[in-house]
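The residues making up each chain are set out below.
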Amino acid sequence: MGTRRSGRIPADERSVVSTIRGIPAWTAVLLAVAITLSGVAIDSLSGGLGAGFIVAFFLGCLIAALAVARHSVFVAGIQPPIIMAILVPLAYVIADVGGGAELFSRTQIISVALPLATRFPVMVTTTIVVVAVALIRAFVLEPRSSRRAPGVARG
C-alpha cells in the first residue's frame with residue numbers, strides 16, 4: 001500500500017497524473033456526487049434541472065475517473081448511470097414535482113420518470129466518455145515495466 005523505497009507511487013495506486021496518488025473508489029463516487037449536487041443546487045434556483053446539472057454531472061464523473069486510483073477505474077466507469085438514476089428522481093421528489101400526489105401514484109411516477117428519460121442521452125454520453133477514459137487508463141497508460149512480456153511469468 002505504501003510507496004516504494006524510491007518514493008514513487010505504485011502504478012495501480014496512481015491517478016491519471018503519475019506523481020499523484022489516486023483517490024479510493026468510494027471517494028471517487030462521493031466526488032462525482034458532490035459535484036453533481038452542486039449542479040442541482042445551481043439549477044434549483046431556476047426550478048428545474050438544466051445546463052448546470054448536465055455540466056456538473058459530466059465534469060463530476062470525468063474528474064472522478066481521472067482522480068481515482070488506477071485499480072479502481074471500474075467503479076468510476078460504472079458510476080454515471082447509477083448517479084443519474086438516483087439523483088434525478090431524488091431531485092424531482094424533493095422538489096415535489098408530483099404536486100401533492102401520493103408517493104407511488106401514476107402522476108408521481110411519470111413526473112419522476114420523464115425527467116430521467118429525457119436525460120438519457122446525457123447519461124449515455126457521459127458513460128461512454130468515462131468508460132473510454134477508464135479503459136485508456138487501465139490498458140494504454142499502464143507503465144511498460146509492469147506489463148507482462150508474452151510467455152514470461154511474473155515471480
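Attention here is on the structure that accompanies the text.

What counts and how
- Residues numbered from 1 in each chain as written.
- Predicted model: local features only at pLDDT ≥ 70, side-chain atom pairs only at ≥ 80, totals over all residues.
- Heavy atoms only, no water.
- Axes fitted to C-alpha atoms, helices over the stretch in contact; angles between N-to-C directions.
- Helix = DSSP H or I, 4+ residues; strand = E, 2+ residues; numbered from the N terminus.
- Parallel < 35°, antiparallel > 145°, perpendicular 65-115°, else oblique.
- Left-handed = near helix turned anticlockwise from the far one by under 90°.
- Contact = heavy atoms within 4.5 Å.
- Nonpolar A, V, L, I, M, F, W, Y, C, P; charged D, E, K, R; others polar.
- Expected span 1.5 Å × (residues − 1).
- Bend = angle between axes of the 7 residues up to and from the residue.

**Looking at the packing of helix α3 (residues 73-94) against helix α4 (residues 106-118)**
Relative orientation of the contacting elements α3 and α4 amounts to 130°, with a least axis distance of 9 Å. Considering the angle they form, α3 stands oblique to α4. As α3 packs across α4, the resulting crossing turns out to be right-handed. In this structure, α3 contributes Met 84, Ala 85, Val 88, Pro 89, Tyr 92 and Val 93 to the contact, and α4 contributes Gln 108, Ser 111, Val 112, Pro 115 and Leu 116. A per-class count over the contact of α3 with α4 returns 9 nonpolar, 2 polar and no charged.

**Considering α3**
Count 3.6 residues to each turn of an α-helix, and residues three or four apart come out pointing the same way. For α3, spanning 22 residues, the distance from its first C-alpha to its last is 31 Å, which sits close to the expected 32 Å at 1.5 Å a residue. The sharpest bend along α3 measures roughly 45° and falls at Gln 79, with the proline Pro 80 sitting one to four residues further on.

**Description of the packing of α3 against helix α5 (residues 120-140)**
Packing of α3 against α5 brings their axes to within 8 Å, and their N-to-C directions diverge by 175°. By the angle class used here, α3 and α5 are roughly antiparallel. Across the interface between the two elements, Val 73, Ala 76, Gly 77, Pro 80, Pro 81 and Met 84 of α3 pack against Val 122, Met 123, Thr 126, Thr 127, Val 130, Val 131, Ala 134, Arg 137 and Ala 138 of α5. The residue inventory of the contact of α3 with α5, partitioned by class, reads 11 nonpolar, 3 polar and 1 charged.

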